[in-house]
Amino acid sequence: FKLVPKIKIKDNDSKQRPMNTSSFYILFVDHEGHVAPLGLCYHATASRRLSSSIERHPPSTITEIDSAYCPRCLAVHDVASASQLGFCQKSSCQQCPECLSVLSIILDDSTRCFYTCGYCDWNSLETLATECTDESQIDSSVEALGKKLREMRNNSTKEQEAAYEESLEKLEVFAVEELRRAKQPTHVYHKDVSRDWNMKALIKSIDDRKKNISIKERNPFGLGSEIPDPSEEITKAIETSIPTVTSLLLSPPSESHPYQLPVPTPLQPRKSRRCRAELREGRPGILVKPKLNPLEGDTSLRSGHGQWFKKDSSAVLVVPRVSLQSLRGNKILLRVHNPTLGNVELSFGPSSYSGEPTWDGETTIHWTDVLVDSLSGKRLAQVTLDTSFKLPVSDSMTLQAVEDAFLEMGGKGALPPEVTNWDGELGWVAQKGDKGWFSFKANSSNCIALTMIIKITKGSWESSLVKLSGDKDDTVSFDIVLIRDSSNILPEDA
């Protein structure tokens, strides 16, 4: 055998990651004025605006239910039947009533067919089981099991549901009482009738208690002093009036208890999304349209691998992606990537974005609960936009069509020397294939806005299908917001 030496792969991007810099988030502004990550934005066909699925008022998109399917058996239902059923009607598509895991139907040695959970070991032997004397009768036994399950659900009475709700209320009362007792101090005060209750005696009693506290240990709930055990009468009264937690949780369920039966699997909706601005102008505005069969696009089929949607107008497929490459003080180096199959000519300039709309029709630069990362779900509690920052209009740069991402694995994705040795120069620093690097100087604010200007010509951004207006300087502008989170500092080895 021949030993192969370990090869250390150099990360060219790590040279441009400055130490101890704040986290940077780059968001796009939709046509309603809300900021959102590019992964949650959409670009309607031949549209000059962006939409997003961000949950802010007023929303820029609407959601429609096309169909529904069972996530276990993949049975498809139309909207009318799905709204009426709500759950899958098959006997095999059931969930555990304890942990909501998928239930399995098994046949034990005593020829009984029943449901069982492989996660929490729950089974329906006490409440639901059918006889199966031969393996050839398994299908009929499963159907009989499902029929019996539906009958037990239909025969559940309001008295049984009321009894279950009453038991939950008793359990809640018991838990609230225990929490109240745990928060009370456990020090027991005894009145000394032989002592005169004047100011001098009160100060002396406080000093005596401080000395006792310094000697004795404190318990988790209050001052350190033993509590006498309750009398036998009080103990019996508590046991008879309030059931304990153990007796409620470990009591065997009755056969007719409706809440100890298997839970049917709820149907999952197939949603489509439309742009509100396009609908107001009389166009369909379809942004996302899923296929009817949820299995279409899977590799188990012969064709259509990865084609999960009839239409997918996600902005990451059309709009150039902007990310942070390096940061030196207030000088920012951005990396712009072209995701389309054609050339894109773009530039940057000042933004006229004045803030997010409010309920009363005005705009505000003070935002709360801002989603900055769609993958991790990170949100910033408060963000204030600085509208005084105005970026000068830059020169245009043409980015070539997108290249195969696997080419970078062979070393062809190395950074240009202008980017590697960047010392803070402004403007377009370098361009290589489908990527370009743009540098500018910002102010000390944590939130600024700028505009990405895309030129619309026969050789620029043709994949967007935007109709040419006939003007030589026809452009489409998208506002971009850069947020610096000063509370999240990268480690030294980031």
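Residues numbered from 1 in each chain as written. Predicted model: local features only at pLDDT ≥ 70, side-chain atom pairs only at ≥ 80, totals over all residues. Heavy atoms only, no water.

A. Structural view of the overall build of the chain. Each helix and strand counted, the chain has eight helices and 26 strands in total. Accessible surface, the chain: about 30,500 Å² in total, of which carbon and sulfur atoms supply 53%. (Helix = DSSP H or I, 4+ residues; strand = E, 2+ residues; numbered from the N terminus. Areas by Shrake-Rupley, 256 points an atom, 1.4 Å probe, with all protein chains shown as cover.)

B. How the structure looks around the sheet that holds strand β15 (residues 321–328). In space, the four strands of this open sheet follow the order β15-β16-β24-β23, with antiparallel pairing throughout. Across the chains shown, the open sheet's two edge strands, defined by having one partner strand only, are β15 and β23 (427–432). With direction set aside, neighbouring strand axes in the sheet form an average angle of 20°. (Pairing = 2+ DSSP bridges. Axes fitted to C-alpha atoms, helices over the stretch in contact; angles between N-to-C directions.)

C. Fine view of a nonpolar patch on the surface. Together, L74, L295 and L301 line one region of the surface with nonpolar side chains, adding up to about 180 Å² of accessible area. Relative to the elements of secondary structure, L301 occurs in the loop between β13 (286–290) and β14 (309–312). We classify L301 as partly exposed; its relative accessible area is 31%. (Patch = residues over 30% accessible without salt bridge, like charges linked within 9 Å, V, L, I, M, F, W, Y side chains within 5 Å. Salt bridge = Lys/Arg side-chain N within 4 Å of Asp/Glu carboxyl O. Buried < 20%, exposed > 50% of the residue type's maximum accessible area, 1.4 Å probe, protein only.)

D. Inspection of the sheet that holds strand β5 (residues 61–69) at higher detail. Here we have five strands laid out as an open sheet, ordered β6-β5-β12-β13-β14, and antiparallel in their pairing. Each end of this open sheet is capped by a strand with a single partner; those strands are β6 (76–78) and β14. Strand-to-strand twist across the sheet, computed as the mean angle between neighbouring axes with direction ignored, equals 30°. Bridge count between β5 and β6: three bridges; the pairing is antiparallel. When the bridges of β6 are listed, Y69 appears paired with V76.

E. Spotlight on the pattern of salt bridges. The full count for this structure, using the stated rule, is 13 salt bridges. For R283, the salt bridge goes to E281, with nearest N and O atoms at 2.1 Å. The partly exposed category is assigned to R283, whose relative accessible area is 39%. Judged by its relative accessible area of 43%, E281 falls in the partly exposed class. Taken together, the shared-partner salt bridges connect R49, E278, E281 and R283 into one network.

F. The packing of aromatic side chains, seen in detail. Under the definition given, this model contains seven aromatic pairs. With a centroid separation of 6.1 Å and 50° between ring planes, the pair formed by Y353 and W367 is classed as tilted. Residue Y353 is found in the loop between β17 (344–349) and β18 (356–357), and its partner W367 is found in strand β20 (residues 366–371); the two are separated by 14 residues along the sequence. Taken as a pair, Y353 and W367 share a single burial class, namely buried. Summarising the aromatic geometry, the rings of F438 and F440 are spaced 6.1 Å apart at their centres and angled 25° between planes, so their arrangement reads as stacked. F440 matches F438 in its accessibility class, with the two residues each being buried. (Phe/Tyr/Trp six-rings, centres within 6.5 Å; stacked < 30°, edge-to-face > 60°.)

G. Here's a closer look at the nonpolar core. Among the nonpolar cores identified, the biggest contains 39 residues, and F28, F348, F440, M452 and L482 are the most heavily contacted of them. Of all the secondary-structure elements, those providing two or more residues to this core are β1 (22–29), β15, β16 (331–337), β17, β22 (397–399), β24 (435–441), β25 (447–455) and β26 (475–489). If you look at the next biggest cluster of nonpolar residues, it comprises 15 residues, including V372, L385, C447 and A449. (Core = buried A, V, L, I, M, F, W, Y, C linked by side-chain atoms within 4.5 Å.)

H. Geometry of helix α2 (residues 138–154). A rise of 1.5 Å per residue sets the reference length of α2, with its 17 residues, at 24 Å; its end C-alpha atoms lie 24 Å apart and thus fit the reference within 8%. Buried residues of α2: S141, V142, L145, G146, L149 and M152, and no others. Looking straight down α2, one finds that the buried residues subtend no more than 140° of arc, so they occupy a single side. Of the exposed residues in α2, those oriented more than 90 degrees away from the buried face are D139, E143 and N154. In this structure, the buried residues of α2 make contact with β7 (94–95), β8 (103–107), β9 (112–117) and β10 (130–131). (Expected span 1.5 Å × (residues − 1). Arc of directions from axis to C-beta. Contact = heavy atoms within 4.5 Å.)

I. Region of the structure containing the side chain of S272. As for its position among the elements, S272 is in strand β12 (residues 268–275). Of note is the side chain of S272, whose polar atom sits 3.2 Å from the side chain of D66. Sequence-distant contacts of S272, defined by excluding residues within four places in its chain, comprise I62, T63, E64, D66, V288, K289 and P290. (Polar contact = N/O pair within 3.5 Å; in protein donor to acceptor, adjacent residues only side chain to side chain.)

J. How the structure looks around the state of the cysteines. Evaluated as defined, the whole model comprises zero disulfides. Take C99: it sits in no disulfide, and the sulfur closest to it among the cysteines is that of C117, at 3.6 Å. (Disulfide = S-S within 2.5 Å.)

K. Geometry of the pairing of β9. Of all the six residues making up β9, five are buried; the element is thus mostly covered by neighbouring parts of the structure. In terms of strand pairing, β8 meets β9 through five bridges, oriented antiparallel. For I106, the partnering residue across the bridge sits in β9 and is F114. Two elements, β9 and β10, share two bridges in a ladder whose sense is antiparallel. Following the sheet pairing, R112 is matched in β10 by E131.

L. Highlighting unusual backbone geometry. Here H57 and P58 are connected by a cis peptide whose omega angle stands at -10°. Tracing the sequence through the fold places P58 in the loop between β4 (51–52) and β5. Positive phi outside glycine occurs at L100, with the angle close to 60°. In this fold, L100 is placed in the loop between β7 and β8. Here L100 falls in the exposed class, since its relative accessible area comes to 52%. Residues other than glycine seldom take positive phi values, yet W461 does so here, at roughly 55°.

Function cannot be inferred from these measures alone, as they are strictly geometric.
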